[in-house]
Amino acid sequence: MAEAAAIQGTVPSPARRWLRRTASLAVAVPLLAGLLQGVTAPTAEAAQKASGSGSVEVSLDTLAPSAPVESDTLTITGTVTNEGKQAVTNATVDLRVGPRMTSRSEIEDIGRSGAYRDGRDPAPLGKPYSVAIPRLGAGLSKDFTLTVPVSKLGLDDEGVYQLGVSLTGQTASQSYDRVLGIERTFLPYEPEDTEKKTQLSYLWPLISTTHVSAETGANQQQTPVFENDDLAAELAPGGRLHEMVALGKDLPVTWVIDPDLLASVDAMTGPYRVKSGTTEVPGRNQAVAERWLDALEKAVQGHKVVALPFADPDLASLAHHGKEVPGSLSHLQQATALASSTVETVLHVKPSTDFSWPVDGAVDPSVMAVATSAGARNVIARSDSFRDDLSYTPTSARPIAGGTTAIVSDATLSKAFQGDLIRAENSTLAVQAFLAQSLATTLEMPEKQRSVVVAPQRMPTTAQAHSMAAGLKGLSAGRWTQPQDLLAAAVSQPDPDASQRVPGSGSYPRKLRTQELSTEAFRQMKDTRDQLDDFKVILSAPDRVVPPFTNAISRQMSTSWRGEAPSAALYRQEVMIYLRDLTEEVQLIEKSDLTLSGRSATIPVTVQNKLLQGVDQLVLRLTSGNRTRLQFDGESFAELPVKIDGGHSQSVKFPASANANGPVPMTAQLFTEDGTPYGAPMRFTVKVSEITPTVMLVIAGGVLLLVLAGIRMYSQRKRAAARNAEAEAESEASEGEADPGTEGDTEAGSGSEAMTGDEPDETRTDSVQPSDPTPDTGSESGDPSGPGEKVDR
């Protein structure tokens with residue numbers, strides 16, 4: 001960078017006037033000191049006010065044109081505000097044109113100047129290019145407009161000139177004219193095209209924070225769930241991203257896009273849901289998302305598009321804390337591979353994925369190694385990290401060992417539009433400083449063309465975006481710069497004198513280190529990846545689960561979490577909890593203790609699948625805690641495969657054999673087919689109660705006696721029913737006959753049978769009546785029962 005380079009050219013007349021005034025002041029100082037001998041020295045406060053310390057604030061709201069030529073008329077509007085406690089009278093707003101700047105560092109020094117510097121700030125132009133303000137009360141403001149033909153400014157040669165607007169006036173306590181406030185800016189003056197124009201590459205970043213969670217709906221479309229609906233405000237008219245697209249479409253810029261932003265907005269174009277406390281509500285900004293994507297697709301046509309790795313991972317955090325955690329760098333490779341397909345799918349343009357962009361362009365050897373590990377050959381650095389010991393600004397491209405190119409952006413130009421630019425004054429000053437620095441860069445070596453890259457802040461505010469656009473429009477005349485895209489800048493002829501040495505690790509800014517993701521954060525990401533790997537192997541449709549979680553892990557590495565450590569930790573925790581909840585949808589159903597009777601039995605274990613998709617490639621292992629008492633085909637455990645459709649359960653039955661009585665602790669555990677435990681083990685107890693042959697004989701005898709007793713009771717009841725039926729028939733026959741003797745005999749006989757009910761067997765009628773039911777007297781076996789299962793819950 002040219003921090004001390006002299007700008008070629010002759011000294012203009014304002015400079016000569018300024019030198020003459022300085023010389024006159026030097027001669028007058030001794031005389032004035034003699035005249036003031038014996039006068040009481042003013043207090044420190046009075047001296048500060050007398051020097052124009054700033055009791056009046058001067059703001060410059062507009063300056064047009066920002067880069068005038070000789071035939072233009074310069075118009076400056078602004079406001080003066082009396083911040084003192086006394087009214088200001090006989091005030092004048094003046095325009096002061098200083099000498100031409102001799103270096104880029106001098107421009108920076110002037111920009112940091114504060115109060116009026118007597119003898120160092122230039123003299124006012126005076127009438128008719130001033131505005132009189134007879135009275136400005138305490139706390140009051142007054143607008144002003146200064147209009148001056150550029151030809152009257154005394155700009156004799158091209159270059160950057162100091163431009164000041166001051167208010168000179170009096171107060172009741174000090175009734176003499178003095179400068180009470182001043183504001184300085186710069187006037188780039190280049191009336192003709194330079195011989196060699198600086199090739200300027202300006203990056204136009206479209207990057208946002210993380211908005212999408214790992215959760216999706218249970219429907220076939222997998223409705224995405226957003227952490228919040230803040231993205232809609234950025235996309236709507238007046239929002240940050242809306243303005244970036246609206247402004248960028250008419251500017252000569254290289255679009256640098258985070259594919260995650262495109263994926264998030266694309267997800268908003270369909271049905272989506274938004275977290276709201278402990279519930280979710282439908283998202284309602286589909287139309288906003290559709291309009292923004294349509295506008296962006298049109299805006300990037302004809303421009304170069306650079307795609308960062310998906311979710312813009314924090315390369316420095318990976319280098320300093322994540323590369324030692326297994327799997328972190330491989331995830332960076334996945335994010336890079338996803339970048340191109342996402343941009344092509346959404347915007348229908350093929351992006352370049354050859355560029356990495358560490359935070360603030362700060363690099364060291366480890367950052368460079370990580371930045372290129374995913375295949376990028378160009379690393380966007382910044383000149384306040386990649387320093388040069390040159391008197392001019394060299395070309396940005398620097399070849400580094402291993403075929404890597406460092407694209408060293410200009411730090412001063414890149415940081416020109418940072419800070420609060422909502423106020424018109426701040427924006428105007430930023431634009432003028434940017435234009436001044438760009439012209440000074442060209443005039444450092446006007447005979448040599450160089451390529452300069454500007455990499456602004458990743459997420460400019462709306463006000464910053466408008467100021468950036470104003471600065472680029474100020475260069476639109478192309479008198480000292482010409483547009484160049486980033487891809488062309490990467491292959492520009494490098495300056496042989498520019499440094500090609502990567503800064504050491506000790507030079508990495510301490511402030512940036514304190515904002516990085518911790519090693520523990522990367523360990524948590526690894527835990528999530530490991531759990532996802534174990535989960536996906538059992539799924540029949542892993543594509544419904546893996547992409548949302550893979551993208552969520554990429555978002556956990558995003559640069560947008562810098563300075564947001566609590567929010568980053570909460571996001572990681574929510575992703576892990578949601579994944580754990582999904583894996584627990586496939587689980588073992590708790591069992592109560594069992595009682596096993598007999599030498600052999602079947603022990604059932606139930607596996608439940610609450611997922612909407614089937615699971616497979618699972619193995620259920622049942623282990624006996626006491627092989628002597630209970631075993632499985634001679635082993636202490638048995639394994640059976642598990643395959644369950646979505647929303648179903650399966651009872652897996654294990655044949656077991658008992659050898660001795662007593663309780664046996666059992667453990668059921670699911671495993672994936674590669675032997676990795678899945679879920680928590682389930683434990684229960686089987687109480688073995690073996691039954692001996694003698695006991696079986698006693699039980700069989702008792703059962704036989706009960707059966708015989710039942711048969712006897714049934715036979716007796718059957719014969720009694722037959723006798724009653726015969727007696728009734730005889731009674732009816734007797735009543736139909738005329739012989740009373742016969743009737744009496746019959747009644748006597750009938751009454752005797754009815755009363756005793758105990759007729760000898762040989763006199764009873766055993767014939768079966770047609771209306772009698774067939775007796776259920778199936779054969780009984782006296783053999784012992786076969787092996788079977790008796791399980792009492």
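All figures in this text were calculated on a predicted structure; none of them were measured in a lab. (Residues numbered from 1 in each chain as written. Predicted model: local features only at pLDDT ≥ 70, side-chain atom pairs only at ≥ 80, totals over all residues. Heavy atoms only, no water.)

Novice: Help me out: how do you make sense of the overall build of the protein chain in this one?
Specialist: Assigned secondary structure in the protein chain consists of 20 helices and 30 strands. When the 793 residues of the protein chain are sorted by exposure, 47% land in the buried category. Considering only contacts in the protein chain between residues 6 or more positions apart, those separated by 24 or more positions represent 78%. Summed over all atoms, the accessible surface of the protein chain reaches about 37,800 Å², with 52% contributed by carbon and sulfur. (Helix = DSSP H or I, 4+ residues; strand = E, 2+ residues; numbered from the N terminus. Buried < 20%, exposed > 50% of the residue type's maximum accessible area, 1.4 Å probe, protein only. Contact = heavy atoms within 4.5 Å. Areas by Shrake-Rupley, 256 points an atom, 1.4 Å probe, with all protein chains shown as cover.)

Novice: What exactly am I supposed to notice about the packing of helix 9 (residues 328-347) against helix 17 (residues 546-556) here?
Specialist: With their axes 10 Å apart at the nearest point, helix 9 and helix 17 run at an angle of 110° to one another. Accordingly, the angle class assigned to the pair helix 9 and helix 17 is roughly perpendicular. Contacts between helix 9 and helix 17 involve H331, Q334, A335 and L338 from the former and T550, N551, I553 and S554 from the latter. When the residues that make up the contact of helix 9 with helix 17 are grouped by side-chain class, the tally is three nonpolar, five polar and no charged. (Axes fitted to C-alpha atoms, helices over the stretch in contact; angles between N-to-C directions. Parallel < 35°, antiparallel > 145°, perpendicular 65-115°, else oblique. Nonpolar A, V, L, I, M, F, W, Y, C, P; charged D, E, K, R; others polar.)

Novice: Just to check I follow, could you spell out the packing of aromatic side chains for this structure?
Specialist: Centre distance and the angle of the planes are the two values used to describe a pair of aromatic rings. Counted by the stated rule, this structure contains seven aromatic pairs. With a centroid separation of 6.1 Å and 75° between ring planes, the pair formed by Y202 and F434 is classed as edge-to-face. Within this pair, whereas Y202 is found in strand 8 (residues 198-206), its partner F434 is found in helix 12 (residues 424-444), the two being separated by 232 residues in sequence. By relative accessible area, Y202 is classed as buried at 1%. Taking relative accessible area as the criterion, F434 reaches 1% and is therefore assigned buried. Ring centres of F549 and Y578 lie 5.6 Å apart, and the angle between their planes is 20°; this geometry places the pair in the stacked category. Residue F549 is found in helix 17, and its partner Y578 is found in helix 18 (residues 565-583); the two are separated by 29 residues along the sequence. Y578 carries the same exposure label as F549, and that label is buried. Among the aromatic residues, ring-to-ring pairing joins Y202, W204, F417 and F434 into one connected group. One cation-aromatic arrangement involves R458 over W357; the distance from NZ or CZ to the ring centre is 4.4 Å. (Phe/Tyr/Trp six-rings, centres within 6.5 Å; stacked < 30°, edge-to-face > 60°. Lys NZ or Arg CZ within 6 Å of the ring centre and 35° of its normal.)

Novice: Would you explain the pattern of salt bridges in this entry?
Specialist: Should their charged atoms come close, side chains of opposite charge can pair. Tallying each qualifying case throughout the model produces 29 salt bridges. Note that K197 and D193 form a salt bridge whose closest N and O atoms lie 3.5 Å from each other. Salt bridges here are not isolated pairs; linked through shared partners, they connect E215, E227, K275 and E574. (Salt bridge = Lys/Arg side-chain N within 4 Å of Asp/Glu carboxyl O.)

Novice: Which parts of the structure should I look at to understand empty space enclosed by the protein?
Specialist: Summary: where empty space remains is shown by rolling a probe the size of a single water molecule over the atoms. Under the criterion given, the structure shown has six cavities of 30 Å³ or more. Quantified by volume, the largest cavity comes out at close to 70 Å³. Forming the walls of the largest cavity are twelve residues, and the residues nearest its centre are S383, T393, P394, V408 and D410. Here the second largest cavity is characterised by a volume of approximately 50 Å³. Taken together, P309, L315, L332, T336, T353, F355, S356, A371, A374 and A376 form the lining of the second largest cavity. Those elements that place two or more of their residues in the lining of the second largest cavity are helix 9 and strand 15 (355-356). Here the residues of the lining of the second largest cavity are counted per class, giving seven nonpolar, three polar and no charged. (1 Å grid on protein atoms, 1.4 Å probe; cavity = no way out; pocket = protein on both sides within 12 Å on 5 of 7 lines; lining within 4 Å. Points joined across faces, edges and corners; volume = space filled by probe spheres on them.)

Novice: Can you help me understand the environment of S373 in this one?
Specialist: Inspection of the secondary structure assignment puts S373 in helix 10 (residues 365-373). A relative accessible area of 29% means that S373 is categorised as partly exposed. Note: C-alpha distance between S373 and Q333 (40 residues apart in sequence) is 7.6 Å. Apart from the residues lying within four places of it in its own chain, the contact partners of S373 are L329, L332 and Q333. At 2.7 Å, the side chain of S373 forms a polar contact with the backbone oxygen of V370. (Polar contact = N/O pair within 3.5 Å; in protein donor to acceptor, adjacent residues only side chain to side chain.)

Novice: What am I meant to see in unusual backbone geometry here?
Specialist: Leaving glycine aside, a negative phi is the common case for residues, and trans is the common case for peptide bonds. Omega for the bond connecting A64 with P65 falls within 30 degrees of zero, at -10°, which places this linkage in the cis form. Along the chain, the position of P65 falls in the loop between strand 1 (56-64) and strand 2 (73-82). The linkage connecting K127 with the following residue, P128, adopts the cis geometry, with an omega of 5°. By the secondary structure assignment, P128 is in the loop between helix 3 (104-111) and strand 4 (130-136). One non-glycine residue, N90, lies in the positive phi region at around 50°. Mapped onto the elements of the fold, N90 is located in strand 3 (residues 88-100). Of note, the phi angle at D312 is positive, near 50°, even though the residue is not glycine. Here D312 lies in the loop between strand 14 (305-307) and helix 8 (315-322).

Novice: I tried to follow the sheet that holds strand 12 (residues 273-276) on my own but got confused; where do I start?
Specialist: Sheet strands line up and pair through hydrogen bonds in the backbone, either parallel or antiparallel. Read across the open sheet, the four strands follow the order 9-10-12-13; overall the sheet is mixed. At either margin of the open sheet sits one strand with a lone partner, and together these are strand 9 (212-216) and strand 13 (279-282). Geometrically, the sheet is characterised by an average inter-axis angle of 40° between neighbouring strands, direction not taken into account. Sheet topology note: the strand 9/strand 10 (residues 224-226) ladder contains two bridges and is antiparallel. Paired with T216 across the two strands is P224, which belongs to strand 10. Across the sheet, helix 18 is in contact with strand 9 and strand 12; its angle to strand 9 comes to roughly 10°. (Pairing = 2+ DSSP bridges.)

Novice: Sorry, what's going on with the layout of surface pockets here?
Specialist: Taken as a whole, the largest pocket spans an internal volume of roughly 610 Å³. What lines the largest pocket is a set of 26 residues, among which G111, A416, L429, A430 and A433 lie closest to the centre. The set of elements that each furnish at least two residues to the lining of the largest pocket consists of helix 3, strand 7 (178-189), helix 11 (411-414) and helix 12. Here the element with the most residues in the lining of the largest pocket is helix 12; it accounts for six residues. Class assignment for the residues of the lining of the largest pocket results in twelve nonpolar, eight polar and six charged. Each pocket or cavity is described by its volume, and for the second largest pocket that value is around 520 Å³. Around the second largest pocket, the lining comprises 21 residues; the ones closest to its centre are P224, A263, A267, N551 and R555. Looking at the lining of the second largest pocket, the elements that each hand over two or more residues are strand 9, helix 6 (259-268), helix 9 and helix 17. Along the lines of polarity and charge, the residues of the lining of the second largest pocket split into nine nonpolar, eight polar and four charged.

Novice: I tried to follow a nonpolar patch on the surface on my own but got confused; where do I start?
Specialist: A contiguous nonpolar surface patch, about 390 Å² in accessible area, is contributed by L704, L705, L708 and I711. Considering the arrangement of structural elements, one finds L708 in helix 19 (residues 693-736). Residue L708 is classed as partly exposed on the basis of its relative accessible area, which comes to 48%. (Patch = residues over 30% accessible without salt bridge, like charges linked within 9 Å, V, L, I, M, F, W, Y side chains within 5 Å.)

What is shown is where atoms sit, not what they do.
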